Amino acid sequence: MRCVLTTDIPVSRVAAFAEMAWMVRRPELGLLCRTAREHGNRITTAVVQSALPGLPDAGANNVIAWCKVLGLCDARGGLMALGEDVADSDEAPEPEQGVYGMWLAEHPVLGRRVLAVERLASNRDHRFESIEPLMVDPDRGKVFRSVLNGKERFMVRDLPTNHGQPGGLVGDTRATCRLRWTLDFDQARDQWQLDGVIEAPQGNGKHAMRPMQHEPESDGLDLWNLASTWATGPLSSVGRWQAGERRLAVAFNSLAEAELDSFRKTVTLRRVEIPGKGAYDNVTLEDVPVGPASTQDAQRWAMARLERHLSVKPGYRSRAEVREQFAQLTEDTALEVFAPTLPSHDDLLLQASKDPERFWSLAAPVDLSPFPAASDELGPLRIGSPAPIAATEAPGVVRVPYRGGWSMRKLMDRLLSGVVPRRVLLCDRYVRGDDNLDMLKLLVAGLRAAAPNVAVDVWTGDEEADFKKIQSITSASPRSYREVFGRSLPHDRYLLVLPSQGHGFGWHMSNSPLHARADVKSGGPDTPLRWKDLMATRVSADELEPALRQWLAGGGR
Amino acid sequence: MMQGPIQRMLCNRVLSRADERLPTAWIGEATHQPTWTDGMWLTRTPGRMAPAVSAPLLVLLGDGGDDARAALLAHASSGARVYVLVGPGWGKDQADNQLLHAPRVLIRRLPEVPVSAVHCGTEARLWVGGGFILRLDTTQTEAFRQTFLRLFWHEATEEAWSGGRQFAWRPARERPFDVPEVPASSSVRWEPADARLTGGSRGSMMHVNAGLPPETAPRRLWFPAGPNQHEGLAKLVEAGVEVLWADRGLPDLQVNGGAGEVLFPGTRGRLRLRLTAIQAHDVAALLEAPPAWRFHINVRLGEAHHRSARFWLPSETTARGLEAEQLIKLPEVHGTSLREVPSTSPASLPAAQPLALAVRYEWTVVPPRVPAAAEEDPLVSRWRKLDEDWIARLARVRDALIAAEGDRGRIGRGFSRLVSAMLGFERTHGGLLARVGELETQRPSVAGPSGTSALLTQLGEIEDAARKLQADLEDAERKARDEEEREKQHAAWRSRVDAANRDLPDRRTALTTAESRHATIAGELGGIEESLKSANKEARKDLAASQRKLSDDLQRSLKELNRLRGEIKSLEQQADEKFEFRPPPVAKNRSSQSGGRFVPSASSTPPAAQVPDQPLPEVGSLRVHKGQRYLVIQTWEQLTTGESIASRLSAKLVAPENA
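The structure displayed is predicted, hence computed values, not measured ones. (Residues numbered from 1 in each chain as written. Chains lettered and ligands numbered in written order. Predicted model: local features only at pLDDT ≥ 70, side-chain atom pairs only at ≥ 80, totals over all residues. Heavy atoms only, no water.)

(A) Highlighting the side chain of R270 of chain B. Residue and element names in this part refer to chain B. Relative to the helices and strands, R270 is located in strand β18 (residues 270–275). Using a relative accessible area of 11% as the deciding quantity, one classes R270 as buried. At 3.0 Å, the side chain of R270 forms a polar contact with the backbone oxygen of A195. Filtering out sequence-adjacent residues up to four positions away, R270 remains in contact with R189, W190, E191, P192, A193, A195, D252, L263, F264 and P265. (Helix = DSSP H or I, 4+ residues; strand = E, 2+ residues; numbered from the N terminus. Buried < 20%, exposed > 50% of the residue type's maximum accessible area, 1.4 Å probe, protein only. Polar contact = N/O pair within 3.5 Å; in protein donor to acceptor, adjacent residues only side chain to side chain. Contact = heavy atoms within 4.5 Å.)

(B) Up close: the interface of chain A and chain B. On the side of chain B, 32 residues touch chain A, which itself brings 32 residues to the contact. For the pair chain A and chain B, the two sides together bury roughly 2,700 Å², of which 56% comes from carbon and sulfur. Ranking the residues of chain A by area buried against chain B places Y316, W360 and L368 of chain A at the top, with a combined share of 31%. For the interface between chain A and chain B, the tally reads 5 salt bridges. In this structure, E181 of chain B and R549 of chain A form a salt bridge, with 3.6 Å as the shortest nitrogen-oxygen distance. (Buried area = accessible area lost by both parts, 1.4 Å probe. Salt bridge = Lys/Arg side-chain N within 4 Å of Asp/Glu carboxyl O.)

(C) Fine view of the packing of helix α6 (residues 378–414) of chain B against helix α7 (residues 419–440) of chain B. Residues and elements named next belong to chain B. Contact geometry for α6 and α7: axes closest at 10 Å, N-to-C directions at 160°. Taken as axis vectors, α6 and α7 run roughly antiparallel relative to one another. Here the hand of the crossing between α6 and α7 comes out left-handed. Where α6 abuts α7, its residues W390, L394, V397, R398, L401, I402, A404, E405, R408, I411 and G412 lie against V419, M422, F425, E426, H429, L432, L433, V436, G437, L439 and E440. Tallied by class, the residues present in the contact of α6 with α7 amount to 14 nonpolar, 3 polar and 5 charged. (Axes fitted to C-alpha atoms, helices over the stretch in contact; angles between N-to-C directions. Parallel < 35°, antiparallel > 145°, perpendicular 65-115°, else oblique. Left-handed = near helix turned anticlockwise from the far one by under 90°. Nonpolar A, V, L, I, M, F, W, Y, C, P; charged D, E, K, R; others polar.)

(D) Local environment of the pattern of salt bridges. Tallied over the entire structure, the rule returns 90 salt bridges over all chains. Here R300 of chain B ties to D19 of chain B by a salt bridge, and the two come within 2.4 Å at their closest N and O atoms. Of the two residues, R300 of chain B sits in strand β19 (residues 293–300) while D19 of chain B sits in the loop between β1 (9–16) and β2 (21–28), which places them 281 residues apart along the sequence. Notably, a salt bridge pairs D252 of chain B with R270 of chain B, separated by 2.7 Å at the nearest N-O pair. Highlighted residues: D252 of chain B in strand β16 (residues 252–256) and R270 of chain B in strand β18, separated in sequence by 18 residues. Judged by relative accessible area, which is 4%, D252 of chain B ranks as buried. A network of salt bridges, in which partner residues are shared, links E357 of chain A together with R108, E159, R170 and R173 of chain B.

(E) Just the packing of aromatic side chains, in detail. Inspection of every chain in the model, using the stated rule, returns 26 aromatic pairs over all chains. A centroid spacing of 5.9 Å and a plane angle of 45° characterise the contact between W22 of chain A and F154 of chain A, whose relative ring orientation is tilted. You can see W22 of chain A sitting in strand β2 (residues 11–25) and its partner F154 of chain A sitting in strand β7 (residues 153–158), a full 132 residues away along the chain. One exposure class covers both W22 of chain A and F154 of chain A, and it is buried. Ring plane angle 20° and centroid distance 6.1 Å describe the contact between W224 of chain A and W241 of chain A, whose orientation is recorded as stacked. Within this pair, whereas W224 of chain A is found in helix α5 (residues 223–231), its partner W241 of chain A is found in strand β12 (residues 240–242), the two being separated by 17 residues in sequence. Each member of the aromatic cluster is reached from another via a ring pair, and the members are Y316, F359 and W360 of chain A together with Y83, F144, F148, F152, W153 and F177 of chain B. (Phe/Tyr/Trp six-rings, centres within 6.5 Å; stacked < 30°, edge-to-face > 60°.)

(F) Summary view of the pairing of strand β9 (residues 176–184) of chain A. Residue and element names in this part refer to chain A. Alignment of strand β1 (residues 2–8) against β9, held across 7 bridges, turns out to be antiparallel. Bridging across to β9, C3 finds its partner in L183. Inspection of the sheet shows β9 paired to strand β10 (residues 189–203) by 9 bridges, in the antiparallel sense. Residue pairing across strands places W181 opposite W192, the latter belonging to β10. Between β9 and β10, which pair antiparallel one after the other, the connecting turn spans 4 residues, and A188 there sits at a positive phi close to 50°. (Pairing = 2+ DSSP bridges.)

(G) A look at helix α12 (residues 408–416) of chain A. Residue and element names in this part refer to chain A. Where α12 is concerned, the buried positions are M408, L411, M412, L415 and L416. Projection of α12 onto a plane perpendicular to its axis shows the buried side chains occupying an angular sector of 130°, all on one side. Remark: S417 follows α12 within two positions and exhibits a positive phi of approximately 55°. (Arc of directions from axis to C-beta.)

(H) How the structure looks around the packing of α7 of chain B against helix α8 (residues 444–534) of chain B. All names here are of chain B. It is at 10 Å that the axes of α7 and α8 come closest, and there the two elements cross at 155°. Between α7 and α8, the crossing angle belongs to the class labelled roughly antiparallel. Relative to α8, the crossing made by α7 is left-handed. Contacts from M422, F425, T428, H429, L432, R435, V436 and L439 in α7 reach L455, Q458, L459, E461, I462, A465, A466, L469, D472, L473 and A476 in α8. Here the residues of the contact of α7 with α8 sort into 13 nonpolar, 3 polar and 3 charged.

(I) Fine view of the confidence of the model for chain B. Residues and elements named next belong to chain B. Here chain B shows a mean pLDDT of 87. Residues at 70 or above account for 94%. Throughout residues 590–599 the model reports pLDDT below 50, and contacts reaching past four residues in sequence, or to other chains, amount to 15 contacts. With a pTM of 0.65, the predicted complex shows an ipTM of 0.76. (pLDDT = per-residue confidence, 0-100.)

(J) A look at the sheet that holds strand β13 (residues 205–207) of chain B. Residue and element names in this part refer to chain B. Taken together, the 10 strands give an open sheet; going across it, the order is β12-β18-β17-β16-β13-β14-β15-β19-β2-β20, and neighbouring strands pair in mixed fashion. Looking at strand neighbours, the two that pair on one side only are β12 (188–191) and β20 (310–312), the edges of this open sheet. With direction set aside, neighbouring strand axes in the sheet form an average angle of 25°. Seen against the sheet, helix α4 (residues 230–238) touches β2, β14 (220–222), β15 (242–245), β19 and β20 and runs at an angle of roughly 85° to β19. Across the sheet, helix α5 (residues 277–287) lies against β13, β14, β16, β17 (259–263) and β18, angled at about 115° from β16, the strand it touches most.

Structural data, given as structure tokens:
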């Protein structure tokens, strides 16, 4: 979430008698201040003598007294903000008095600031009646940086006056100044910057308009606190702010298509106020985190996302893939807490009855599945709710129920079917990404828990895969799909088991075991995992693709 | 004996082949359509599948799948989902509107559909071909479903669905899962295109549509009748296998007691179905049916029952019946000599077609012919030149005689005194013409070397006689002409003398008168001249004029005197002239003039006649080519004569070049 606040700031121009100081290069003072910072943030005789060896005490005291005059330290030698500045920049103020032309601006964010200053020649025109009180009384002792020359820094030490009312000759100016304040809530960072044009001295009392140069500065706002403040005000008409989730609960109907997927919304607020920092009009608040306002909204939102996904990537989808996709589109999103439900297969077909392409993309994979889907798989899928565990499983089928809480070892034990594996092959196109590689570690650990010396081969696509990482996990060099299968790439995942004794066999899986996720960091093979649907069907060697069959026969390793 | 012009000769020979034997042959038998009674599993009537409302219908729509399509439509009309696999050409020419309007039909194209079949729930049926439908048992049904799924998800190339205005075909979308390979032990399995029937032991029956015959020897083998694999089939027949064929549109089949299998045809793969014992029993009934063809070995052609049979032999594209007599036309054969032409035959005779009961060979013998580039022999040209010279000389003699005849008439008419002489010339002339006419009937080339010399001598004599006749005629004419000239000249002399004698006196008188007159004038002139000497001026003038006039007169009289004296002298000479005959100028020899008549010049020695030493052939024409002499005869009747002449002339006896 972010927004940009803007406001115009008036600029006044005066000529006034002032005591100023320009920051000039004083490395010895910089050294002194740094030494002080290393010695308790105090400038003492010892610190001075440490920084400037050979200086007698009296001399050191004189230095300290001057530092006090300059404002680098307080009366007790404690390093002040200006002293810190000198320590960082090796520049120290050099005071002077005179008549100066100053361009002044005032705003809660930037304070009473001298934007630029020029030295003026004093004369004796005695126009005392023209002296007016200053519209902006600049902050004293604060180092300003000129918007005309970024290297020029100065400070107003004092504005001498007889009756306590600073005054000066008010001049005309065509300078403009705008404040742009960017609030980045996600990054918890604010940044403001001035821009505009201002008169630049050209000599002989002439000026030309120049663009302002201003390095961004930060105010250090507590942005999420600010968001909560706005939630009760201008944001309340858009949705309900959920401070805990830092999210705006909105109605489904208010969302644009892209917002369904991004879970972010852009809202325009007529006027916002930042306590102590001013009010701003027509603020566009971008990427506001949004979530459903109700269960109905969540269900419609989830289905809209599924619909959108199916439209963007048309193609045949098995029921397992639809379920997985629905879970992927809702889990770990604002929808998940509302437990949206994927309709049953028949209901989905009914909804798609007017769209033949969608209809067949869903119907054909179920009607023409080599492994008929279980009835519960064809039924509705409620996100977050563990799927029912089948009372009896068909022989040769291992079904990991959705959110069944299986550990990787449990799955491996079931797939090993009681044999001691000598070698196992995982054939999975997408062995990539940290999460999947974490699961690969668990898979290997699960296998080695059953057979410590089992060799694990991995065949995977070489796009974006890190074969070195895979090899570090399996201790064997993986092989690429392209190398093994050429152009006839398998669609599904396979786990092939070559026992120490007896014939090898394979498991044809509807999903990848690497798609499981652990809720805890550094879990082990026995750690319960979050699963999407996974059905593994045992297949014999002659039911496998030639390359896989060859692996079982001893080739292609 | 050959007669007529020498031409190419058409010859033939007939051989019987009734005892010939064919090593192998398919023999087509006239059979009646076998009767069929539906079995429990194999039927010809489609029947209806038990409705399974919730189960989708899976359909393989192969060639001739009308019954399967009907089952499809019946099921689809109920609203159930139907999945159809069709071949690549399905629906490309014409959309199946009934299928298009069915509510829920998903169709995918395969590169090849092996068979028509329908699967619904726990039932499945295959249209095995020939109108037969095989019902599958539960295990087969499940295996068929698995095979269907494999084809549907792994092999399909395009897809479309019903319900629209047309089938909008698109590339088949990616499968949502892998369908396991169907195990080798499965009762229905999609196998490679080179799959073959298994089994085929001694008691089995097999029906094989293509490829090689089985290596084992079943009891009965149905194998496509045709030109191929005869060798392998012959071995099977020798091993006691009954090899048969009837094209009933059936796939490859094999039954052996309680087992069997069906292997459907395909170029990309073949569907194998293992039969149950009961199904095998039904299929066995199919294979026990009488065949349309039977394979035989060592077949004798002349068997009576083969007359109406059809035979299919190795390497022949089609079957055919026996041929009563085969005519084989052979290439031309060139005879080595004219005498051997009738007996010339090809060096070898090609084999007859294997199904010919008799064979007639027919060929043409080409007689030896003179080469096209052969030229006339020099002997012929020499004789021809001699003949031409002969004719020319005779013609000249005849022309001279004809000219002489004209001269003789002219002379006779001009000189009457020569009439009697002309009669003598006429007799001589007639005799010469008769002899010329006689010689004109002869030719040196005909007379040959020996007769030619006599002829030439006779011709020389006639030429001499003709020349003499000509000379005599001219001589007689010249003499007559001289005599006539003499008489003419004499008459002219007499006339001139007589005229001079007659004119002389007058001339002399005239001379005397003129002399007198001259003297008078001369006197008068002298007088005047004397007068002048004394005459006065005026008289002188008149005297001068008279003097000039008298001078002129004197001159004229003097000329007159001279003329008269000359005439008198000429007359006196003419009167005194002696007669002298002056022969007329002799006309130049007309033979030397252009266009003059021919007068053969007599030569003391006869011309050296170049008479060839060999006579011309009596028959044929003599030609030569590359040093070889050819005697060309036209007819067979010239053969014997020609042979002797050719031998004499060292020539080869041949027919004309276009024979």
